[in-house]
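# Fold and geometry: a report
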Amino acid sequence: MSSRTSPTSQPVTIRRAVARDAKRLTRLVRGSSAYEGKYAGAVAGYRVGPDYIEAHRVFVAVGTDGHGSRVLGFYSLVLAPPELDLLFVADEAQGRGIGRLLVSHMQSEARAAGLDRVEVVSHLPAADFYHRVGAVRTGTSLANPPAVPWDRPTFEFRIPPE
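Quick summary incoming for the structure in this document. Source: prediction; values computed, not measured. (Residues numbered from 1 in each chain as written. Predicted model: local features only at pLDDT ≥ 70, side-chain atom pairs only at ≥ 80, totals over all residues. Heavy atoms only, no water.)

## Focus on the overall build of the protein
- Per the secondary structure count, the protein includes four helices and eight strands.
- Sequence-ordered secondary structure for the protein, helices as α and strands as β, is β-β-α-α-β-β-β-α-β-α-β-β.
- Its C-alpha radius of gyration of 15 Å places the protein within 12% of the 15 Å reference for a compact globule of 162 residues.
- By principal-axis analysis of the C-alpha atoms, the protein measures approximately 45 × 40 × 30 Å.
- By the burial criterion, 44% of the 162 residues in the protein qualify as buried. (Helix = DSSP H or I, 4+ residues; strand = E, 2+ residues; numbered from the N terminus. Rg over C-alpha atoms; globule rule 2.2 N^0.38 Å. Buried < 20%, exposed > 50% of the residue type's maximum accessible area, 1.4 Å probe, protein only.)

Structural data, given as structure tokens:
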């Protein structure tokens with residue numbers, strides 16, 4: 001578990017996800033404004049289940065405020081093949097450095113697992129974010145209808161050894 005302070009000075013803890021987080025993570029995915037309109041079908045039936053959390057390295061960013069602790073975002077690192085499978089930040093927490101904290105944590109986890117690179121198939125609205133946090137564009141993942149009827153940019157995080 002690691003603890004940091006976001007740019008808004010709200011304490012943020014990143015911890016390993018547990019089975020009881022599954023419903024909250026599913027709600028975060030399905031409620032993301034990045035998947036409204038034409039993108040809604042891609043997450044309409046999506047579920048982050050306890051089995052998924054158990055099988056992958058899923059980490060959550062938790063913030064504490066006057067109302068208790070809240071999940072602000074999460075990511076999932078798949079080791080084989082190395083891929084950042086999911087990265088979501090709650091709409092109300094965006095722009096506060098949570099995504100950057102999660103990416104930094106993911107890179108540390110990847111390094112600890114012996115990975116030298118991690119691929120990301122990006123959602124179109126997230127492409128600029130991945131570029132800003134250091135991912136390098138490597139190509140395009142072609143549409144996969146009906147679930148994803150549009151092409152998506154592919155990025156790679158290069159993980160240097162420490």
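## Side note on the nonpolar core
- In this structure, Leu25, Phe74, Leu84, Met106, Val118, Tyr130 and Phe157 are the most contacted members of the largest nonpolar core, which totals 49 residues.
- The leading source of residues in this core is helix H3 (residues 98-112), at six residues.
- In this view, phenylalanine 157 contacts Leu84, Val103, Met106, Gln107, Asp116, Arg117, Val118, Val120, Tyr130, Val133, Gly134 and Ala135; residues no more than four positions away in its chain are not counted. (Core = buried A, V, L, I, M, F, W, Y, C linked by side-chain atoms within 4.5 Å. Contact = heavy atoms within 4.5 Å.)

## Some points on the side chain of serine 32
- Position of serine 32 relative to the elements: it lies in the loop between helix H1 (22-30) and helix H2 (50-55).
- Once you skip the residues sitting within four places of it in the chain, serine 32 turns out to touch Phe88 and Asp91.

## Let's talk about the layout of surface pockets
- When its volume is computed, the largest pocket comes out at roughly 940 Å³.
- Surrounding the largest pocket, 37 residues form its lining, Tyr35, Leu87, His123, Ala126 and Tyr130 being those nearest its centre.
- The set of elements that each furnish at least two residues to the lining of the largest pocket consists of strand E5 (83-89), H3, strand E6 (117-121) and helix H4 (127-132).
- When residues in the lining of the largest pocket are grouped by element, the largest group, seven residues, is from E5.
- When the residues that make up the lining of the largest pocket are grouped by side-chain class, the tally is 22 nonpolar, eight polar and seven charged. (1 Å grid on protein atoms, 1.4 Å probe; cavity = no way out; pocket = protein on both sides within 12 Å on 5 of 7 lines; lining within 4 Å. Points joined across faces, edges and corners; volume = space filled by probe spheres on them. Nonpolar A, V, L, I, M, F, W, Y, C, P; charged D, E, K, R; others polar.)

## A closer look at unusual backbone geometry
- Along the chain, alanine 80 connects to proline 81 via a cis peptide bond; the corresponding omega equals -10°.
- At the junction of proline 145 and proline 146, the peptide bond is cis and its omega measures out at 5° in the coordinates.
- Within the secondary structure layout, proline 146 lies in the loop between strand E7 (136-141) and strand E8 (152-158).

## Side note on H1
- Every buried residue of H1 is accounted for by Ala22, Leu25, Thr26, Leu28 and Val29. On an axial view of H1, the arc spanned by its buried residues comes to 160°, and they lie on one face. Turned more than 90 degrees from where H1 packs its buried face, Lys23 and Arg27 sit exposed.
- Contacts made by the buried residues of H1 are with H2, strand E3 (57-65), strand E4 (68-78) and E5. (Arc of directions from axis to C-beta.)

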